[in-house]
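As a plain string of letters, each chain reads:
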Protein chains: 2
Amino acid sequence: MSAMSDNQSVGIVQSQTAHFDTPLALSSGAVLPAYDLVYETYGTLNAARSNAILICHALSGNHHVAGRYGAEDKNPGWWDNMIGPGKPIDTKRFFVVGLNNLGGCHGSTGPSSINPETGKPYGSEFPLVLVADWVQTQARLADLLGIQQWAAVIGGSLGGMQALRWSISFPERVRHCLVIASAPKLTAQNIAFNDVARQAILTDPDFHGGNYYEHGVVPKRGLRLARMLGHITYLSDDGMGEKFGRLLKSGEYKYGFDVEFEIESYLRYQGDRFAGVFDANTYLLMTKALDYFDPARHYDGKLSKALQQAKARFLVVSFTSDWRFSPARSREIVKALLDAQKDVSYAEIESAHGHDAFLMTDAQYFALMRTYIANIETE
Amino acid sequence: MSAMSDNQSVGIVQSQTAHFDTPLALSSGAVLPAYDLVYETYGTLNAARSNAILICHALSGNHHVAGRYGAEDKNPGWWDNMIGPGKPIDTKRFFVVGLNNLGGCHGSTGPSSINPETGKPYGSEFPLVLVADWVQTQARLADLLGIQQWAAVIGGSLGGMQALRWSISFPERVRHCLVIASAPKLTAQNIAFNDVARQAILTDPDFHGGNYYEHGVVPKRGLRLARMLGHITYLSDDGMGEKFGRLLKSGEYKYGFDVEFEIESYLRYQGDRFAGVFDANTYLLMTKALDYFDPARHYDGKLSKALQQAKARFLVVSFTSDWRFSPARSREIVKALLDAQKDVSYAEIESAHGHDAFLMTDAQYFALMRTYIANIETE
């Protein structure tokens, strides 16, 4: 459906860039003297500045959350099904902000940006950025936009971790925290998958220690493998089975290493496409942010203790077939919130779409989001 | 424990090589004019030649199933805990045969062997070999050893597929069929993991289209990634969590791409070690044998129909935390056997060890194997 005919679309949108030159002290100890953040906004900030919602993106997301860049643009923002006038995150009521996180590759300062100190891309010089650091930069963006308090911070997966972190880092600045298909920290298996993905990139001969930009190459082989592997963990076993099963590309066994099964074709296509547009250093950085996320770490490993200071109300959502961040992981968050006597609603949505379900248009999920968000006050 | 002090060990063993020069017509249509199979035997074949057990190996296994190659040899065969005098597969009663499958890299003819027609390693010229082809070669080895009928064919994982195939290809030649931690065919997710592993090898610049031997290099990067990924699927999420959790190598976050978590150290070590000793072409071939295995394929997709001709009695075993080949997959086999009115016993063993459980010494599992095998008649 084109932007013009979709009366629930935010329509044609433009991104903006904010420059920050107050040095940013990162969790790793590194300091970034200055940086840009690219962002988009939809809807109108009310006079009280009390109707703003922040959307935090996951591993490969960005600031282009809803709408299109032109009448002919075929690809709307990544959460366009969720955000718009009359949609669950209703831009008739809310002022919605999406940004590309620091370290990204879609306009915010990241490893592929030019380091003003050297005149060359940062590459391996770009520091690791953690979830808590992103929340700091998001708070600075809120300051710039004149938003003292978010009506809600919403995110899925790695985005949900940011939402959760907001409630701890800035308890006064977030009224509702929506944590979808997320986890309080990665398991050994989660880290293991991430490390295989990273090793694929790091050992690609075209990686050049992260400084591939100056060699005129890109570690496509590694990034392609990383994405193929990631994709398996985004889909459920059953969902993949229903969609692809053992379907053959040509109907007959060919007995070779070219595509034999449809699932191979699909994964290779996804890998190739991604490796052509995403920056490998950003991918590495995002997976490390996932690995390091553990808000309970400085609270004797007790998440309920970390959440003690939170003032937001919470909605936690999980999906039954999500095995990357299973419902059990969401229930850990819910239990910690209950132990900390916080206000939390929890929903486990029946879905065959695995981790990706948080991006899909599911009736039960959307009804839940619509109802919850409709009850968020903007006064 | 050394070979000398373990009175339940088969002791010092030697492998033997059998040469076959009757051309072998493979499932793919290719013909292999001649080939070698390396094998080991433990125990004594009785006069009636009715006490022989065939052990089929999985993806990275080989013919060295039990015993040691010398008094100082620290690494016994891969199923030494299961096989020996007084062990569940008791070599006081049974004559046990293990072989390296055709296409392997431990002595049987495979991609790294010299092709007599060219005087160079086969490399990319080596044909794909399917489970049904292995069973054909195993039958020829049985002929050579004077074994008309196996008392049992036993295997775990890909080995279990061979055991199952034996009951279909040679109904008269196998009395008991033990199918452990296996599946009747791969799911889309199984194939997807295999394809990522293969793509890692195939796109390694050192792969040279499979003819790396003549370039004096080995696609170690790719094989290492393949093994790291495989290893994740051999362990359970919970088991990995219990063993490694989020333990840090150094106790503190280092904020870099060197090993941070213990699980990374473990996986990289496993990958490095494997890539140093295993042949990448064999790895590719083994994963394709897994992908293509589907005995129901020529029976309208009905496994019960494929098993109609089987005459063996079956023991099917699965492990609760195995998510590579989950208990549900074993139950598919059991259901097909019941539908075909075959004699089948099934056990679902409680274990946290994931797919690898079939190689571990678990009391319940071993008691089951001991009891079942003790009841196999050798007269």
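Described in the following lines is the structure provided in the data block. (Residues numbered from 1 in each chain as written. Chains lettered and ligands numbered in written order. Predicted model: local features only at pLDDT ≥ 70, side-chain atom pairs only at ≥ 80, totals over all residues. Heavy atoms only, no water.)

**Notes on the overall build of chain A**
The line we're drawing: Only DSSP runs of H or I reaching four residues or more are called helices, and only runs of E reaching two or more are called strands; each is numbered from the N terminus. Throughout, radius of gyration means the C-alpha value; the globule benchmark is 2.2 Å times the number of residues raised to the power 0.38. Partly exposed describes any residue whose relative accessible area lies between the buried limit of under 20% and the exposed limit of over 50%, with all areas from a 1.4 Å probe on protein chains only and scaled to the type maximum.
Helices and strands together make up the secondary structure of chain A, namely 10 helices and 14 strands. In summary, chain A has a C-alpha radius of gyration of 21 Å against a globular reference of 21 Å for 379 residues, a match within 12%. Each principal axis of the C-alpha atoms in chain A carries an extent, and together these give about 65 × 50 × 50 Å. Within chain A, buried positions represent 62% of all 379 residues.

**Section: the interface of chain B and chain A**
Just so we agree on the cut-off: Here a residue-residue contact requires only that any non-hydrogen atoms of the pair lie within 4.5 Å. A simple way to read buried area is as the amount of 1.4 Å-probe accessible surface that goes missing from two parts once joined, with both sides added. Here a salt bridge means any side-chain nitrogen of Lys or Arg lying within 4 Å of a carboxyl oxygen belonging to Asp or Glu.
Opposite the 54 residues of chain B that make contact, chain A presents 54 residues. Summed over the three residues of chain B that lose the most area to chain A, namely Arg 246, Tyr 255 and Phe 257 of chain B, the buried surface amounts to 16% of that side. At the junction of chain B with chain A, the criterion picks out 8 salt bridges. For Glu 252 of chain B, the salt bridge goes to Arg 297 of chain A, with nearest N and O atoms at 3.7 Å.

**Looking at the packing of helix H3 (residues 188–202) of chain A against helix H4 (residues 220–234) of chain B**
Which entries qualify depends on this criterion: Only the stretch in contact is used when fitting a helix axis, every axis being a line fitted to C-alpha atoms; angles between N-to-C directions are given from 0 to 180 degrees. Roughly parallel covers angles under 35 degrees, roughly antiparallel covers those over 145, roughly perpendicular covers 65 to 115, and oblique covers all other angles. Gly falls in the polar group here, along with every residue not listed as nonpolar (Ala, Val, Leu, Ile, Met, Phe, Trp, Tyr, Cys, Pro) or charged (Asp, Glu, Lys, Arg).
Where H3 of chain A contacts H4 of chain B, the axes come no closer than 10 Å and their chain directions differ by 170°. Accordingly, the angle class assigned to the pair H3 of chain A and H4 of chain B is roughly antiparallel. Together, Gln 189, Ala 192, Phe 193, Asp 195, Val 196, Gln 199 and Ala 200 of chain A of H3 of chain A and Arg 224, Leu 225, Met 228, Leu 229 and Ile 232 of chain B of H4 of chain B make up the contact between the two elements. Its residues placed into classes, the contact of H3 of chain A with H4 of chain B shows 8 nonpolar, 2 polar and 2 charged.

**Here we look at helix H1 (residues 131–144) of chain B**
Residues and elements named next belong to chain B. Put simply, the test is: Every helix has an expected span of 1.5 Å times one less than the residues it contains.
Taking 1.5 Å of rise per residue, the 14 residues of H1 would be expected to cover 20 Å, and the 20 Å separating its terminal C-alpha atoms lies within 8% of that figure. Taken together, the buried positions of H1 are Val 131, Asp 133, Trp 134, Val 135, Thr 137, Gln 138, Ala 139, Leu 141 and Ala 142. Of the residues one or two after H1, Gly 146 is the one with positive phi, at around 75°.

**Some details on the environment of Ser 304 of chain B**
Residue and element names in this part refer to chain B. Within the fold, Ser 304 resides in helix H8 (residues 303–306). Expressed as a C-alpha distance, the spacing of Ser 304 and Gln 341, which sit 37 residues apart in the sequence, is 8.8 Å. Among residues more than four places away in sequence, those in contact with Ser 304 are Ala 336, Asp 339 and Ala 340.

**Points about the nonpolar core**
Put simply, the rule reads: Only buried residues count toward a nonpolar core. Its members are Ala, Val, Leu, Ile, Met, Phe, Trp, Tyr and Cys residues joined through side-chain atoms within 4.5 Å.
Ranked by internal contacts, the top residues of the largest apolar core, which has 257 residues, are Ile 154 and Tyr 365 of chain A together with Trp 79, Ile 154 and Tyr 365 of chain B. In contact with Tyr 365 of chain A, not counting residues within four places along its chain, are Trp 79, Met 82, Ile 180, Val 317, Phe 319, Ile 349, Ala 357, Phe 358 and Met 360 of chain A.

**With respect to the packing of aromatic side chains**
Definition in use: Any Phe, Tyr or Trp ring, taking Trp's six-membered ring, that has another such ring centre within 6.5 Å forms a pair; planes under 30 degrees apart are called stacked, those over 60 apart edge-to-face, and the others tilted. Charge-over-ring contacts are defined here by two conditions on Lys NZ or Arg CZ: a distance within 6 Å of the ring centre and an angle within 35 degrees of the ring normal.
With the rule as written, the count across this model stands at 38 aromatic pairs over all chains. Taken together through their ring pairs, the aromatic side chains of Phe 193 and Trp 323 of chain A together with Phe 193 and Trp 323 of chain B make up a single cluster. Looking at Arg 173 of chain B, its charged tip hangs above the ring of Phe 170 of chain B, at a distance of 5.9 Å from the centre. For the cation-ring pair, Arg 324 of chain B lies above Phe 325 of chain B, with the distance from its terminal atom to the ring centre recorded as 5.8 Å.

**Quick notes on the environment of Met 286 of chain A**
Residue and element names in this part refer to chain A. Relative to the helices and strands, Met 286 resides in helix H7 (residues 280–292). On the basis of relative accessibility, which here comes to 1%, the residue Met 286 falls in the buried class. Each C-alpha atom of the pair Met 286 and Asp 322 lies 20 Å from the other, and the pair is 36 residues apart in sequence. Sequence-distant contacts of Met 286, defined by excluding residues within four places in its chain, comprise His 57, Leu 59, Gly 104, Trp 134 and Leu 158.

**Points about the sheet that holds strand S11 (residues 150–156) of chain B**
All names here are of chain B. Going by this rule: One bridge is not enough; two strands pair if DSSP finds at least two bridges between them.
Overall, mixed pairing links the 8 strands, which are arranged S1-S4-S8-S5-S11-S12-S13-S14 in an open sheet. Across the chains shown, the open sheet's two edge strands, defined by having one partner strand only, are strand S1 (16–20) and strand S14 (344–349). Neighbour-to-neighbour, the strand axes of this sheet turn through a mean angle of 20°, independent of strand direction. Strand direction decides the pairing type here: strand S4 (residues 35–42) and strand S8 (residues 95–99), joined by 4 bridges, are antiparallel. Looking across to S8, one finds that Tyr 42 is bridged to Val 96. Where H1 meets the sheet, its contacts fall on S1, S4, strand S5 (52–56), S8 and S11, and the angle it forms with S4 comes to roughly 60°.

**Here's the deal with the sheet that holds strand S13 (residues 313–319) of chain A**
Residues and elements named next belong to chain A. In space, the 8 strands of this open sheet follow the order S1-S4-S8-S5-S11-S12-S13-S14, with mixed pairing throughout. A single partner strand is all that each edge strand has here, and the edge strands are strand S1 (16–20) and strand S14 (344–349). Across the sheet, the axes of successive neighbouring strands diverge by a mean angle of 20°, strand direction being ignored. Most of the contacts of helix H1 (residues 131–145) go to strand S4 (residues 35–42), to which it runs at about 60°, and overall it touches S1, S4, strand S5 (52–56), strand S8 (95–99) and strand S11 (150–156).

**Some thoughts on the pattern of salt bridges**
Here the idea is simple: oppositely charged side chains can pair when their charged atoms come close. Evaluation of the coordinates by the stated rule reveals 36 salt bridges over all chains. Note that Arg 173 of chain B is salt-bridged to Asp 143 of chain B, the shortest N-O span being 2.8 Å. With Arg 173 of chain B in the loop between helix H2 (158–169) and strand S12 (174–180) and Asp 143 of chain B in helix H1, this residue pair connects regions lying 30 residues apart in the sequence. By relative accessible area, Asp 143 of chain B is classed as partly exposed at 47%. Through salt bridges that share partners, Asp 195, Arg 198 and Asp 291 of chain A together with Glu 264 and Arg 268 of chain B make up one connected network.

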